[in-house]
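Chain and residue survey
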Amino acid sequence: MKPFKFFLITDTHYFSEKLPAFGEAYKDFMDGEQKCFAETAAINKAAAEYLSKSEEADTILIAGDLSFNGEKQSHLDFIELLKGLKSAGKKIYVITAGHDCNEHPFAFDDTGRLSPEGTKREELYDLYYEFGFSEALSVHKDSLSYVAEISEDVWLFALNNDGDGEYHHTYTASQREWIDEMLRKGAELGKMMFVMNHYPLLPACPVFGLIGDAVMPGADEMTTVFADGGAHLGFTGHMHNQSIKCKTTEKGNKFWDVCTGSLIGCPAFMRLVEIKDKSTVQIKSIPVPDFKWDKGGLSHEEYLQRQFDMMIGNYLDYMANDPERLMRKLRLPDKAVLKKLLSKLGGFVQKATLGSVCKKFLVKCPDSVKDRPLKGFLLEIVRNIFTGNAPYTEDTDEYKAFMGVISRFSPVLAIVKKKVKVKGKPLDVKQMLHECLGNYGVDEYNTTLTLE
Ligand SMILES: [Fe+2]
Ligand SMILES: [Fe+2]
């Protein structure tokens, strides 16, 4: 096979400029949002301009959540943007996802929440026909999935994982049979095969393994099917985070999941991928370009990060000052005891430093981190989980202080590990935090993967 390059972007969440996004209800909604909203058209246009001018690659893959929340007008305008890329000589392959079909999307103006026209799932095939389906070797229309030969001897498995669209966000039985058949055909013909799927197929960190839809249901089985069937690589999105993770099957085959951040929220990156040969793939990450918007003097990266930090910071502030609001936002049960606990914990987080926490639990705190406010540290840990390449490995002072305190709870955590199972696996809180603080795997931005 010839070496082949393509761009991959995901979670473009385009929101039409013809729809309103302002007012008090809009501000309230944005309090808990990681992604930008009113700005998405400007960001998408800047990215499209970059991609249309780039001579690095002529193929662009988009891994779902194309529209903000299924507004018909957003799809129509996004498709115009894709048509522009096509006329600039680019080939585009998309999959759709949960945010692309919604019969009750929303917009905001001074009067409050509005209900613009939505999009039915059945409409997506025709809307996006010329961006993947029309070029496909094989289409599984019910599941909006297809396989296309995107370069000589390179097969893209573009898989929608909406399942029944409501409760089961995974492959349907007939889709699964079709995937098995296409894997068999591709392997027989000696094709280089890889997957594009909206939901992650491997958890970015162990905490994501516990969250409902942070990994596709059934992904453990499917990654084995892919790897043992000859597809060793998947590109995913949905969690709006940057990660590159690997698993090895019992038969000794590898599967790599390259999850990419959303185009319109921190961390906002695009991937440039080069398939050098059947078993060597180079991944590069390119920051989303600057976009036309009044960013109040901030750089576009600072502007996007401010939205992310505001979301986490607000949650921590609500915990202390308005626990009921936090409980509403996180859909927690309305229990007085929970409200009291959150408020107490929130108050502590607001005032503590790493040094004061260590002192409380009789742990030696390295001087370099003892004045760090706990709130800022927790916010950074959460942000690092999403941005990838988490920096606090065992040799860092931050690790020593934080895990020193956690170790004080070892006896309780040992009982939890023995008695509590989540998704069939023992809940190992210490190991989970260890892996969230620092990345011990490959560089999650720029790396060369060995697939076989
Ligand atoms: Fe998304
Ligand atoms: Fe999603």
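Some thoughts on the overall build of the chain
When helices and strands are counted, the chain shows 14 helices and 17 strands. On the principal axes, the C-alpha backbone points of the chain span a range of 65 × 60 × 40 Å. A burial count over the chain gives 55% of its 452 residues as buried. If you take every contact in the chain between residues at least 6 apart in sequence, the share linking residues at least 24 apart comes to 69%. About 20500 Å² of surface is accessible on the chain, with carbon and sulfur atoms providing 53% of the total.

A look at the coordination of the iron ion (ligand 2)
Protein ligation of the iron ion (ligand 2) involves D65 (OD), H198 (NE2) and H238 (ND1), the donor distances falling in the range 2.1 to 2.3 Å. Linear spacing of the donor residues for the iron ion (ligand 2) on their chain is D-x132-H-x39-H. Metal-to-metal, the separation of the iron ion (ligand 2) and the iron ion (ligand 1) is 3.6 Å; D65 coordinates the two. Remark: H238 occurs in the loop between strand 10 (231–236) and strand 11 (243–248) and D65 occurs in the loop between strand 2 (59–62) and helix 3 (72–87); sequence separation between them is 173 residues.

Points about the pattern of salt bridges
Applying the stated criterion across every chain yields a total of 32 salt bridges. Across the pair E123 and K72 runs a salt bridge, and its minimum N-O distance is 2.8 Å. Linking E123 in the loop between strand 5 (112–114) and helix 4 (124–127) with K72 in helix 3, this pair joins segments that are 51 residues apart in sequence. Exposure remark for K72: the relative accessible area of 13% places this residue in the buried category. Two residues, D309 and R383, come together in a salt bridge whose shortest N-O distance is 2.9 Å. Taken together, the residues span a long stretch of sequence, with D309 in helix 7 (residues 300–321) and R383 in helix 11 (residues 374–387) at a distance of 74 residues. Across the pair, R383 and D309 agree in class, each one buried. When salt bridges that share partners are traced, they join D28, D31 and R325 into one network.

A look at the coordination of the iron ion (ligand 1)
Donor atoms from the polypeptide that coordinate the iron ion (ligand 1) comprise D11 (OD), H13 (NE2), D65 (OD) and H240 (NE2), at 2.1 to 2.3 Å from the metal. Around the iron ion (ligand 1) sit four donor atoms; with metal-centred angles ranging over 87 to 169°, the donor geometry is irregular. Counting gaps between the donor residues of the iron ion (ligand 1) yields the pattern D-x1-H-x51-D-x174-H.

Quick word on the side chain of S243
Tracing the backbone shows S243 in strand 11. At 3.2 Å, the side chain of S243 forms a polar contact with the side chain of N241. Look past the residues within four positions of S243 in its chain and what remains in contact with it is A204, D257, V258, C259, R271 and E444.

Examining the pairing of strand 7 (residues 145–151)
The buried fraction of strand 7 amounts to six of the seven residues, a majority that puts the element mostly inside the structure. Judged from the three bridges that link them, strand 6 (residues 138–140) and strand 7 form a sheet pairing that is antiparallel. Bridge assignment links H140 to a residue of strand 7, and that residue is S145. Connecting the antiparallel pair strand 6 and strand 7 is a turn made up of four residues, with L144 showing a positive phi of about 55°. Bridge analysis of strand 7 against strand 8 (residues 154–159) gives five bridges, and the strand direction is antiparallel. In the sheet register, Y146 faces strand 8, and the bridge partner there is A158. Linking strand 7 back to strand 8 in an antiparallel pair, the connection comprises two residues, with D153 at a positive phi of about 65°.

A look at helix 3
Its 16 residues give helix 3 an end-to-end C-alpha distance of 23 Å, which sits within 8% of 22 Å, the value for a rise of 1.5 Å per residue. Here helix 3 has its buried residues at K72, S74, H75, D77, F78, I79, L81, L82 and L85. For helix 3, the secondary structure elements touched by its buried residues are helix 2 (40–53), strand 2, strand 3 (91–94) and helix 4. Taken from the residues just after helix 3, G89 is the one with a positive phi, measuring 95°.

Some points on the domain arrangement of the chain
Once the domains are mapped, the chain shows domain 1 (4–289), domain 2 (294–351) and domain 3 (358–443). Listed as interface residues are 17 residues of domain 1 and, on the opposing side, 13 residues of domain 3. Summed over both partners, the interface of domain 1 with domain 3 buries about 1200 Å², with 71% contributed by carbon and sulfur atoms. Linking domain 1 with domain 3 are zero salt bridges, by the criterion used here. There are one residue pair in polar contact (both at pLDDT 80 or more) connecting domain 1 and domain 3. Tallied by class, the residues present in the side of domain 1 that touches domain 3 amount to eleven nonpolar, five polar and one charged.

Topic: the nonpolar core
If you look at the biggest cluster of nonpolar residues, it comprises 108 residues, and the most contacted ones within it are Y128 and F194. By residue number, the principal contributor to this core is helix 7, which donates eight residues. In this structure, Y128 is in contact with L66, H75, F78, I79, L82, V94, T96 and F133, ignoring residues within four places of it in sequence. W178, M193, V225 and F226 belong to the second largest nonpolar core, which has 23 residues in total.

Remarks on empty space enclosed by the protein
Counted under the stated rule, the structure contains three cavities of 30 Å³ or more. Roughly 70 Å³ of internal volume is contained in the largest cavity. Taken together, I9, T12, N44, A47, A48, L51, I60, I62, F78, L81, L82 and L85 make up the full set of residues lining the largest cavity. Among the elements of the structure, helix 2, strand 2 and helix 3 are those that each provide at least two residues to the lining of the largest cavity. For the lining of the largest cavity, a count of residues per class yields ten nonpolar, two polar and no charged.

Some points on the state of the cysteines
Such a bond, covalent and formed between the sulfur atoms of two cysteines, is termed a disulfide. In total, this model carries zero disulfides according to the counting rule given. The structure places no disulfide on C358, whose sulfur is separated from the nearest cysteine sulfur, that of C365, by 3.8 Å. Look at C358 and you get buried, because its relative accessible area is 1%.

Cut-offs and rules
Residues numbered from 1 in each chain as written. Chains lettered and ligands numbered in written order. Predicted model: local features only at pLDDT ≥ 70, side-chain atom pairs only at ≥ 80, totals over all residues. Heavy atoms only, no water. Helix = DSSP H or I, 4+ residues; strand = E, 2+ residues; numbered from the N terminus. Buried < 20%, exposed > 50% of the residue type's maximum accessible area, 1.4 Å probe, protein only. Contact = heavy atoms within 4.5 Å. Areas by Shrake-Rupley, 256 points an atom, 1.4 Å probe, with all protein chains shown as cover. Donors = N, O, S within 2.8 Å, 3.2 Å for Na, K, Ca; no water. Salt bridge = Lys/Arg side-chain N within 4 Å of Asp/Glu carboxyl O. Tetrahedral: all angles 85-135°; square planar, octahedral: opposite > 155°, others 65-115°. Polar contact = N/O pair within 3.5 Å; in protein donor to acceptor, adjacent residues only side chain to side chain. Pairing = 2+ DSSP bridges. Expected span 1.5 Å × (residues − 1). Domains from an automatic or database assignment. Buried area = accessible area lost by both parts, 1.4 Å probe. Nonpolar A, V, L, I, M, F, W, Y, C, P; charged D, E, K, R; others polar. Core = buried A, V, L, I, M, F, W, Y, C linked by side-chain atoms within 4.5 Å. 1 Å grid on protein atoms, 1.4 Å probe; cavity = no way out; pocket = protein on both sides within 12 Å on 5 of 7 lines; lining within 4 Å. Points joined across faces, edges and corners; volume = space filled by probe spheres on them. Disulfide = S-S within 2.5 Å.

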